[in-house]
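One letter stands for each residue in the lines below.
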Number of protein chains: 2
Amino acid sequence: MDTSQLLKGVLDLAVLAVLRDEDGYGYDVLRRLRGGGIEEVGDASVYGTLRRLYKAGYLSSYVVPSDEGPHRKYYGLNDLGRARLVETEQAWRAFAETLDGILRKGKAA
Amino acid sequence: MDTSQLLKGVLDLAVLAVLRDEDGYGYDVLRRLRGGGIEEVGDASVYGTLRRLYKAGYLSSYVVPSDEGPHRKYYGLNDLGRARLVETEQAWRAFAETLDGILRKGKAA
DNA sequence: AGCACTATTGCGCATTACGCAGTACCGCGC
DNA sequence: GCGCGGTACTGCGTAATGCGCAATAGTGCT
């Protein structure tokens, strides 16, 4: 049940996806992912991914002070990020289909 | 296009799947995977995965001398391996569906 | 004051796929 | 018979990435 290994290489995609329609800060992205069904994701993984994607130039970032707690570092998709999202999503779908083909092969035997 | 990261945690599943109907040796498993569409997989990854799965108790193994080359180390699924295959496949499908849900969310907006 | 929740950062670790070198065995052409 | 390409496996070191845990810090409740 090591879901963590399935996440590898896909967390980027998931994070980009939940930021597609609205900017979000780390803790919020974490909640969106968990709310979306990826319950097991660790907080450090999300923060790490956000920093990595930002460093890679896919995200813009700005800090907003909050009334109800510490400051929040918001992230949002820029053009590169949107292109990356499309690209990664396609790669994912193609790969999923390939694997599905392998899984089905001979299953009727 | 870093497909290698998508492979993480899924190569186990793919290897178990191609061994489902027939035992195979490393080099052969490699060809089955590539033939199945995972072209980019490295040989060392496959050999490593086979060893890992064997060590974990999912595979049985026997060596067969070959007329046309070096000996071949065959691997086959045992009961634990078959159970693992079912389990991993379910985990994969569930996860793929979850991710799909996240990708679709808000896409109509 | 202490605790829980929100929010972020950093460190070190485990897993795992990969490249590359090395070993070895075969058959073919020269 | 010697090298060469294809078959077949092993081992080593590396890179990517998700995770646990500790630390920091602000807010509000008791």
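Below is a short write-up of the structure. (Residues numbered from 1 in each chain as written. Chains lettered and ligands numbered in written order. Predicted model: local features only at pLDDT ≥ 70, side-chain atom pairs only at ≥ 80, totals over all residues. Heavy atoms only, no water.)

### Here's the deal with the sheet that holds strand β1 (residues 24-25) of chain A
Residues and elements named next belong to chain A. Strand order in the open sheet made by the three strands is β1-β3-β2, with antiparallel pairing throughout. Each end of this open sheet is capped by a strand with a single partner; those strands are β1 and β2 (59-64). Note: β2 against strand β3 (residues 72-77), six bridges, orientation antiparallel. Opposite Tyr62, over in β3, you have Tyr74 as the bridge partner. (Pairing = 2+ DSSP bridges. Helix = DSSP H or I, 4+ residues; strand = E, 2+ residues; numbered from the N terminus.)

### Quick notes on the sheet that holds strand β1 (residues 24-25) of chain B
Residues and elements named next belong to chain B. With antiparallel pairing, three strands are arranged side by side in an open sheet as β1-β3-β2. Single-partner strands in this sheet number two, and they are β1 and β2 (59-64). Sitting on the sheet, helix α4 (residues 43-55) is in contact with β2 and β3 (72-77), with an inclination near 120° to β2. (Contact = heavy atoms within 4.5 Å. Axes fitted to C-alpha atoms, helices over the stretch in contact; angles between N-to-C directions.)

### Topic: the nonpolar core
One finds Leu33 and Trp92 of chain A together with Leu33 and Trp92 of chain B to be the most contacted residues of the largest nonpolar core, which totals 60 residues. Excluding its chain neighbours within four sequence positions, the residues that come into contact with Leu33 of chain A are Leu11, Ala14, Val15, Val18, Ile38, Val41 and Val46 of chain A together with Ile102 of chain B. (Core = buried A, V, L, I, M, F, W, Y, C linked by side-chain atoms within 4.5 Å. Buried < 20%, exposed > 50% of the residue type's maximum accessible area, 1.4 Å probe, protein only.)

### Observations regarding the protein's contact with DNA strand D
The local shell around DNA strand D holds 29 residues, among which Lys8 and Ser45 of chain A together with Tyr27, Arg72 and Lys73 of chain B are the closest. The protein-proximal atoms of DNA strand D, defined as those within 4 Å of the protein, are 73% sugar or phosphate. The side chain of Lys73 of chain B places a nitrogen or oxygen atom 2.5 Å from a phosphate oxygen of DNA strand D. At four residues, helix α4 (residues 43-55) of chain A tops the list of elements feeding residues into the surface near DNA strand D. Looking at the surface near DNA strand D, its residues break down into ten nonpolar, nine polar and ten charged. (Near = heavy atom within 4 Å. Polar contact = N/O pair within 3.5 Å; in protein donor to acceptor, adjacent residues only side chain to side chain. Nonpolar A, V, L, I, M, F, W, Y, C, P; charged D, E, K, R; others polar.)

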